[in-house]
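Topology and contacts: notes
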Amino acid sequence: ELKVEQNPLFLSMQEGKNYTIYCNYSTTSDRLYWYRQDPGKSLESLFVLLSNGAVKQEGRLMASLDTKARLSTLHITAAVHDLSATYFCAVDTSNTGNQFYFGTGTSLTVIP
Amino acid sequence: EPEVTQTPSHQVTQMGQEVILRCVPISNHLYFYWYRQILGQKVEFLVSFYNNEISEKSEIFDDQFSVERPDGSNFTLKIRSTKLEDSAMYFCASSGSMFGVAKNIQYFGAGTRLSVL
């Protein structure tokens, strides 16, 4: 059974601090996605990582992919309160590029 | 900005009834998806749809579920005989052109909350 595991599940951090969220997956894939979900809201696509070694950055967030280790990281730099949300990674396992398995989610709270 | 729209925002139904959840994807997108999220849990893939047919589906998407793109704009998810455990938020998503990153960036609708009583 495919597993996509994130850790930590819950993260409370102070503004200005750095932290990394980890996403491990149990199958071969070189397509990994990160999404943000605000409470009671829909999902927003953050990053698309399509090859080993891919690194993408947007503002205070940086995502990377190591397909050999089956690991993606989402690094938060100098956190601000607006980053408080739940972050999901998702792995595309199909040959068609159309089947996505989501991780357990990391609920991030940034404390002023 | 183009967006994915879903209706209704909340659907209440009795167990055993059929429901149809509706989605209007972004107009020039080629790929369409349904997901569900039980309250407080992770997002679960149900089905993807391309070129007027199912591209991939998960184990959750059994014979009780079906999808249709009846008129070139709407994309519907039908649950034939709802169960209590079908209660969840259902999200529709669409993505763009055939190749490259644009295909993979999914835009999600606001969701339909399905409550089965």
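With respect to the side chain of B:Q37
Summarising the element assignment, B:Q37 is placed in strand 4 (residues 31-37). Within the structure, the side chain of B:Q37 is placed 2.9 Å from the side chain of A:Q37, a separation counted as a polar contact.

Let's talk about the pattern of salt bridges
According to the stated counting rule, one finds 4 salt bridges over all chains in the structure shown. A:D30 is the salt-bridge partner of A:R31, the closest N and O atoms lying 3.5 Å from each other. The exposure class of A:D30 is partly exposed, given its relative accessible area of 35%. Across the pair B:R36 and B:E44 runs a salt bridge whose closest N-O atoms are separated by 2.9 Å. Judged by its relative accessible area of 21%, B:E44 is partly exposed. Counted as one network, the salt bridges with shared partners bring together A:D30, A:R31 and A:D92.

Quick notes on the nonpolar core
One finds A:L32, A:W34, A:L74, A:I76, A:Y87 and A:L108 to be the most contacted residues of the largest nonpolar core, which totals 25 residues. For this core, the elements supplying multiple residues, two or more each, are strand 2 (10-14), strand 3 (19-25), strand 4 (32-37), strand 5 (43-49), strand 7 (61-66), strand 8 (71-76), strand 9 (85-92) and strand 11 (106-111) of chain A. Among the elements that line this core, the one with the most residues is strand 9 of chain A, at 4 residues. Not counting residues within four places of it along the chain, the set of residues in contact with A:Y87 comprises A:Q6, A:I21, A:Y35, A:R36, A:L46, A:L61, A:L74, A:G105, A:T106 and A:L108. One finds B:V19, B:I26, B:W34 and B:V47 within the second-largest nonpolar core, a separate group that totals 21 residues.

Considerations on the pairing of strand 3 of chain A
All names here are of chain A. Relative to strand 3, strand 1 (residues 4-7) is paired through 4 bridges, and the arrangement is antiparallel. For Q6, the partnering residue across the bridge sits in strand 3 and is C23. Alignment of strand 3 against strand 8, held across 6 bridges, turns out to be antiparallel. Counted as the bridge partner of Y19 is I76 from strand 8.

A closer look at the confidence of the model for chain A
Do not read the fine detail of predicted coordinates wherever pLDDT is low. Taken residue by residue, chain A gives an average pLDDT of 92. The fraction at 70 or more is 97%. Per-element averaging of pLDDT across chain A places strand 10 (residues 100-102) of chain A at the bottom with 90 and strand 8 of chain A at the top with 97.

Let's talk about the packing of aromatic side chains
Residues and elements named next belong to chain B. Under the definition given, this model contains 15 aromatic pairs over all chains. Measuring from centroid to centroid gives 4.5 Å for Y31 and Y50, while their planes differ by 10°, and the two rings are stacked. Note that Y31 is positioned in strand 4 and Y50 in strand 5 (residues 43-50), a separation of 19 residues in sequence. Its relative accessible area of 4% is what places Y31 among the buried residues.

The rules behind the values
Residues numbered from 1 in each chain as written. Chains lettered and ligands numbered in written order. Predicted model: local features only at pLDDT ≥ 70, side-chain atom pairs only at ≥ 80, totals over all residues. Heavy atoms only, no water. Helix = DSSP H or I, 4+ residues; strand = E, 2+ residues; numbered from the N terminus. Polar contact = N/O pair within 3.5 Å; in protein donor to acceptor, adjacent residues only side chain to side chain. Salt bridge = Lys/Arg side-chain N within 4 Å of Asp/Glu carboxyl O. Buried < 20%, exposed > 50% of the residue type's maximum accessible area, 1.4 Å probe, protein only. Core = buried A, V, L, I, M, F, W, Y, C linked by side-chain atoms within 4.5 Å. Contact = heavy atoms within 4.5 Å. Pairing = 2+ DSSP bridges. pLDDT = per-residue confidence, 0-100. Phe/Tyr/Trp six-rings, centres within 6.5 Å; stacked < 30°, edge-to-face > 60°.

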